[in-house]
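This is what each chain is made of:
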Amino acid sequence: MKLGRVLILGAQGQLGVELQREFADYADVVAMGREGCDLSRPETIPGAIAESEPEIILNAAAYTAVDRAESEPDLANRVNGEAPGVLAEEAKRRNALLVHYSTDYVFDGTKQGTWVESDKTNPLNVYGASKLLGEQNIAASGARHLIFRTSWVYSPHGQNFLRTMLRLGAERDQLRIVDNQFGAPTTALALARATRQVLEHPWSPKHAGIYHMTCGGETSWCGFAKAIFEKSAPPTGKSWPAVTGIPDTEYPTPARRPENSRLSNDRLKRSFGVELPSWRIALEETLGRL
Ligand SMILES: NC(=O)c1ccc[n+]([C@@H]2O[C@H](COP(=O)([O-])OP(=O)(O)OC[C@H]3O[C@@H](n4cnc5c(N)ncnc54)[C@H](OP(=O)(O)O)[C@@H]3O)[C@@H](O)[C@H]2O)c1
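Residues numbered from 1 in each chain as written. Predicted model: local features only at pLDDT ≥ 70, side-chain atom pairs only at ≥ 80, totals over all residues. Heavy atoms only, no water.

Now for the sheet that holds strand 3 (residues 56-59). Taken in spatial order, the six strands of this open sheet run 2-1-3-4-5-10, and their pairing is parallel. Both edges of this open sheet fall to strand 2 (28-32) and strand 10 (209-212), since each of them pairs with a single strand only. Neighbour-to-neighbour, the strand axes of the sheet open up by a mean angle of 20°, direction not taken into account. Strand direction decides the pairing type here: strand 1 (residues 5-9) and strand 3, joined by four bridges, are parallel. Paired with Leu7 across the two strands is Ile57, which belongs to strand 3. Sheet strands touched by helix 3 (residues 73-94): strand 1, strand 3 and strand 4 (97-103). Its angle to strand 4, the strand with the most contacts, is close to 160°. Sitting on the sheet, helix 6 (residues 188-199) is in contact with strand 3, strand 4 and strand 5 (144-150), with an inclination near 150° to strand 5. (Pairing = 2+ DSSP bridges. Helix = DSSP H or I, 4+ residues; strand = E, 2+ residues; numbered from the N terminus. Axes fitted to C-alpha atoms, helices over the stretch in contact; angles between N-to-C directions. Contact = heavy atoms within 4.5 Å.)

The following block contains the structure:
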């Protein structure tokens, strides 16, 4: 199915790269990085979009440095909060569909069980608050929109937990990894594929809104690290380090993170019949692409 002109923002990010690959055969893709559309200068967005005349805008650009955001709240809020609102206004003016990505960090992690889309948000850190502002500005615009909240994103490239573990694992004999935060590691590839599958559905106004979109299952960061080492071969002449679980109180970071980041994907499945693979299957797929 051909989707028309699709503008991908954040083209060089983990998700942006996979969206470009996934949509190449299904749409007329225009991909822009920061140099084409700088979200820290929201006033330049309308001009940047005008050139490509998109029918669909996939916004994979974001300020994603969760700890640094604590000391750069204005920049995080401009890129993650204000800019998505401007994108949505532009989408509305052009009757384009805006697809945007948000985060499990809009929640405070205190719920027992999985979070559903209508649960009360209460971000614990600046990044989460800036992403929540982006969601709110998009919803208020009246534009046709889909917001996919996801978690613990990684891919074969970019800065992510998988690549950090493989690097540290090659250097150290022991690793202490946080074992009291729970969520679903999600590959950029699975997100891109699911996004395309959703967009194959004909649009109906009842579809607009927020959907949780993560790989299936759950684990802790420590469980994720152990699975990475179980499924990959160590460097020649070396074995992988012993991995010990620790509470996050023993690994202080500038930004607080929620303990329970487990998102329910039921609404996505019910509305579009789309389901992502389990995080273990997706991990194997990504390791195979390294
Ligand atoms: N990574 C995660 O664990 C995670 C978890 C939950 C939700 N999400 C959400 O998922 C989406 C995709 O994340 P990702 O993991 O693909 O992030 P990523 O790899 O960090 O990519 C983000 C992209 O945004 C670009 N960007 C940053 N500031 C910009 C600006 N001012 N103007 C234009 N582009 C800018 C970056 O460009 P440069 O390369 O030039 O910096 C980068 O290419 C984001 O909405 C993110 O909030 C991510």
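Let us look at helix 5 (residues 161-171). Among all positions of helix 5, only Phe161, Leu162, Met165, Leu166, Leu168 and Gly169 are buried. One side-chain oxygen at the N-terminal end of helix 5 lies 3.2 Å from the backbone nitrogen of Leu162; it belongs to Asn160. (Buried < 20%, exposed > 50% of the residue type's maximum accessible area, 1.4 Å probe, protein only. Polar contact = N/O pair within 3.5 Å; in protein donor to acceptor, adjacent residues only side chain to side chain.)

With that settled, the discussion passes to the packing of aromatic side chains. Under the criterion given, the structure shown has 11 aromatic pairs. Measuring from ring centre to ring centre gives 5.9 Å for Tyr101 and Phe148, while their planes differ by 50°; the resulting arrangement is tilted. Of this pair, Tyr101 sits in strand 4 while Phe148 is found in strand 5, placing the two residues 47 residues apart along the sequence. There is no split in this pair, since Tyr101 and Phe148 are both buried. Where Tyr154 meets Phe224, the ring centres are 5.2 Å apart and the plane angle is 55°; that geometry is what we call tilted. Placement of the pair is Tyr154 in strand 6 (residues 153-154) and Phe224 in helix 7 (residues 221-231), with a sequence separation of 70 residues. Every member of this aromatic cluster is reached through a ring pair, and the members are Trp152, Tyr154, Phe161, Trp221, Phe224 and Trp279. The side chain of Arg144 reaches across the aromatic face of Trp203, ending 5.6 Å from its centre. (Phe/Tyr/Trp six-rings, centres within 6.5 Å; stacked < 30°, edge-to-face > 60°. Lys NZ or Arg CZ within 6 Å of the ring centre and 35° of its normal.)

It is worth spelling out the site of the ligand at this point. Contacts to the ligand come from 24 residues, most closely from Arg34, Leu39, Thr64, Tyr127 and Lys131. In the model, an oxygen atom of the ligand is placed 2.7 Å from a nitrogen or oxygen of the Tyr127 side chain. Contact between the ligand and Val153: an oxygen atom at 3.0 Å from a main-chain N or O atom of the residue. Notes on the ligand: free accessible area 900 Å², of which the protein chains cover 81%. For the shell around the ligand, the element with the highest residue contribution is strand 4, accounting for three residues. Taken together, the residues that form the shell around the ligand break down as 11 nonpolar, 10 polar and three charged. (Near = heavy atom within 4 Å. Areas by Shrake-Rupley, 256 points an atom, 1.4 Å probe, with all protein chains shown as cover. Nonpolar A, V, L, I, M, F, W, Y, C, P; charged D, E, K, R; others polar.)

Moving on, we get to the environment of Cys37. Looking at the secondary structure, you find Cys37 in the loop between strand 2 and helix 2 (45-52). If near-sequence neighbours (up to four positions away) are discounted, Cys37 is found in contact with Leu9, Met32, Ile45 and Ala48.

Here we come to the environment of Ala192. Mapping Ala192 onto the fold places it in helix 6. Residue classification places Ala192 among the buried positions, given a relative accessible area of 0%. For Ala192 and Phe23, which are 169 residues apart along the polypeptide, the C-alpha to C-alpha distance reads 8.2 Å. For Ala192, the contacting residues outside a window of four places in its chain are Leu15, Glu18, Leu19, Glu22 and Phe23.

Closest axis-to-axis distance for the helix 7/helix 9 (residues 279-288) pair is 11 Å, and the angle between their directions is 45°. One finds that helix 7 runs oblique with respect to helix 9. Helix-helix and strand crossings are classified by hand; for helix 7 and helix 9 the assignment is right-handed. Along its contact with helix 7, which presents Gly223, Phe224, Ala227, Ile228, Glu230 and Lys231, the element helix 9 presents Trp279, Arg280, Leu283, Glu284 and Leu287. Split by residue class, the contact of helix 7 with helix 9 holds six nonpolar, one polar and four charged. (Parallel < 35°, antiparallel > 145°, perpendicular 65-115°, else oblique. Left-handed = near helix turned anticlockwise from the far one by under 90°.)

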